[in-house]
Amino acid sequence: MHKNIAVAKIEIDYVLGVITAVNDVLHREHLPIGVRHSLRHKEIIDRAALNHWWRDRSIPASRMGISEALNTLGIYETGELLTKCFGLSLSDHYWIKPVKSDLTWEKVNFFDNDFSDDIGDVLFGTGKKVLSFDFVSPDNTSDGNLKKRWKIMNGKRCLIKSGSAPFRQQPFNEVIASKIMDRLGINHVPYGIVWNENEPYSVCENFVTKDTELVSAYRILQIRPKENHENEYMHYVNICKEIGLKDIVSSIDAMIVVDHIIANEDRHFNNFGLLRNVDTLEWIGAAPIFDSGTSLWYDTQEKFIPYADIKCKPFKKTHGKQLRLVSDFSVFDFSKLDGIEDEIIEIFISGNYSNFIDENRAKIIAETVQQRIYNLQKIALRHSENFDNSFSEGDLEENISE
Ligand SMILES: Nc1ncnc2c1ncn2[C@@H]1O[C@H](COP(=O)(O)OP(=O)(O)OP(=O)(O)O)[C@@H](O)[C@H]1O
Ligand SMILES: [Mg+2]
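Residues numbered from 1 in each chain as written. Chains lettered and ligands numbered in written order. Predicted model: local features only at pLDDT ≥ 70, side-chain atom pairs only at ≥ 80, totals over all residues.

Let's talk about the nonpolar core
Ile176, Ile180, Val258, Ile262, Ile289 and Ile344 are the most contacted members of the largest nonpolar core, which has 73 residues in total. The dominant element in this core, judged by the number of residues it contributes, is helix H9 (residues 248-261), at eight residues. Counting residues domain by domain, this core receives three or more from each of domain 1 (63-161) and domain 2 (212-401). In contact with Ile176, other than residues within four places in its own chain, are Leu296, Ile344 and Ile347. Counting residues in hydrophobic clusters, the runner-up holds six residues, among them Ala8, Ile19, Val35 and Trp53. (Core = buried A, V, L, I, M, F, W, Y, C linked by C-beta atoms within 7 Å. Buried ≥ 20, exposed ≤ 12 C-beta atoms within 10 Å, placed from the backbone. Helix = DSSP H or I, 4+ residues; strand = E, 2+ residues; numbered from the N terminus. Domains from an automatic or database assignment. Contact = placed C-beta atoms within 7 Å.)

Have a look at this one:
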């Protein structure tokens, strides 16, 4: 189902959570993105691709603390959790409706209806073993490796997400990235910090609404195969243009610039994407930037920070190379970042009840960010002096020869 539209009749192995048959396709245009493929000029529904999409809705096996949680719930695989909550999520509007049931979107969706805290409690290690858990929760379908749960706070659906040992830094990084994007006027999800038992968590509101849904870049790339003359950047940009988003480059420019400043190591293709209107299926544009926490040397000891070799995703392996994909630096007013050093230190230190990050670490990170901003300003200046529209082309040649 897509809201109340019956998309396809499928059979699911309830225990394994595997789609064993696609019997009837009723509204093919509403099928999840990337499962319609053409074979000898005929369109087919790729059951393997549909299963891949379905499995991707389940909690990844790499999620922190998942084996203990499954043990408490008495369940073998995270895939089993999917069918128990009809596959409902707070990031899109797909679900499965059992045959002959009279359930409607209005009755089941998590945007309007409350949901159980049971699964969130278990995922956070605070759930007790009880006889029957209430499995109807969007936590069954949340993605990502960090411990997380959805909570209704002041009537709003909010995602609460942990950091990881040893510094538990990711929640602070989300807040710092938000501040940097505020200053640069970049569309992003605002994050705050909440503390629970002396541990910091990031909190952000759901940016998906009753009318819009998130489609990850990974899914967008499934719309059609990459052509030989395209690198991954051009594959993504070209598909966005083909589906009608003419101005996608400026939002990718912004993402690359921010990721450079914060030394983001994990902007994989499920960490950004597009929004579309669920009812009209019209593409709206890039989703606001979210999940920027795996950055700012989150797991690196202080003495290595200024020299650390930072991984880069999704288009290039180094931030230097990825920066060459930026078409237009002139829209970024880097002077708006003046004084960000002090703000970074302040965010790390104030209200930090548990000393995961001390002042020395905060200072080193802030100084290194400042240095990256200076370098970026120099690069931007050189770029505007020399820009001849050939950056992406040169980059492509290099990619092909690689
Ligand atoms: N504010 C939000 N509103 C709606 N959906 C969200 C929001 N934040 C995250 N999501 C969805 O939840 C998924 C997991 O969240 P997020 O990427 O922040 O977690 P993570 O554990 O840091 O991920 P990773 O494994 O990439 O580090 C996202 O890929 C996205 O689909
Ligand atoms: Mg993520």
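Following the structure, the description resumes.
Comments concerning the site of ligand 1
Taken together, 23 residues form the shell around ligand 1, and within it Asp143, Gly144, Asn145, Leu146 and Asp291 come nearest. Here the residues of the shell around ligand 1 are counted per class, giving nine nonpolar, nine polar and five charged. Lining the shell around ligand 1 are residues from two domains, each supplying at least three of them: domain 1 (63-161) and domain 2 (212-401). (Near = placed C-beta within 6 Å. Nonpolar A, V, L, I, M, F, W, Y, C, P; charged D, E, K, R; others polar.)

Brief notes about unusual backbone geometry
Each neighbour pair has its own omega, and for Ala165 with Pro166 the value is 5°, a cis peptide bond. By the secondary structure assignment, Pro166 is in the loop between strand S6 (156-161) and helix H6 (170-184). For the peptide bond that leads from Lys313 to Pro314, omega is 0°, which places it in the cis range. As for its placement among the helices and strands, Pro314 is situated in the loop between strand S11 (283-286) and helix H10 (319-323). For Asn154, which is not glycine, the phi dihedral falls at a positive 50°. Tracing the chain through its elements places Asn154 in the loop between strand S5 (148-153) and S6. Taking the number of C-beta atoms within 10 Å as the measure of exposure, Asn154 has 6 and is therefore exposed.

Remarks on the environment of Glu359
Tracing the chain through its elements places Glu359 in helix H12 (residues 359-386). Overall, the presence of 12 C-beta atoms within 10 Å leaves Glu359 in the exposed class. Between the C-alpha atoms of Glu359 and Ile345, which are 14 residues apart in sequence, the distance is 7.3 Å.

Notes on the confidence of the model for the chain
When pLDDT is averaged along the chain, the result is 92; 95% of the residues meet or exceed 70. Across residues 388-394, confidence stays below pLDDT 50; counting only partners more than four residues off in sequence or on other chains, it has three contacts. Predicted confidence is poor over residues 396-402, with pLDDT under 50, and the contacts of this stretch with residues over four places away or in other chains come to three contacts. (pLDDT = per-residue confidence, 0-100.)

Brief notes about the pairing of strand S1 (residues 8-13)
In this structure, S1 lies alongside strand S2 (residues 18-25), joined through six bridges in antiparallel fashion. Looking across to S2, one finds that Asp13 is bridged to Val18. Connecting S1 to the antiparallel partner S2 that follows it, the hairpin turn spans four residues, and Gly17 within it adopts a positive phi of roughly 70°. (Pairing = 2+ DSSP bridges.)

Focus: the domain arrangement of the chain
Split by domain assignment, the chain resolves into domain 1 (63-161) and domain 2 (212-401). Domain 1 puts four residues into the contact, and the matching count from domain 2 is four residues. Per-class residue counts for the side of domain 1 that touches domain 2 are no nonpolar, two polar and two charged.

Some details on the sheet that holds S11
On the basis of which strands lie adjacent, the open sheet formed by three strands has the order S9-S10-S11 and antiparallel pairing. Only two strands of the sheet have a single neighbouring strand rather than two, namely strand S9 (212-216) and S11. Averaged over all pairs of adjacent strands, the angle between strand axes in this sheet comes to 30°, irrespective of strand direction. Bridge analysis of S9 against strand S10 (residues 273-277) gives five bridges, and the strand direction is antiparallel. (Axes fitted to C-alpha atoms, helices over the stretch in contact; angles between N-to-C directions.)

Some details on the sheet that holds strand S8 (residues 199-205)
The pairing of strands in a sheet happens through backbone hydrogen bonds and is either parallel or antiparallel. Pairing within the open sheet is antiparallel, and its four strands lie in the order S5-S6-S8-S7. Looking along the sheet, the strands with just one partner apiece sit at the ends: S5 and strand S7 (191-196). The sheet shows a mean angle of 35° between the axes of neighbouring strands, direction not considered. Pairing between S6 and S8: four bridges, direction antiparallel. What sits directly across from Lys161, in S8, is Ser202.

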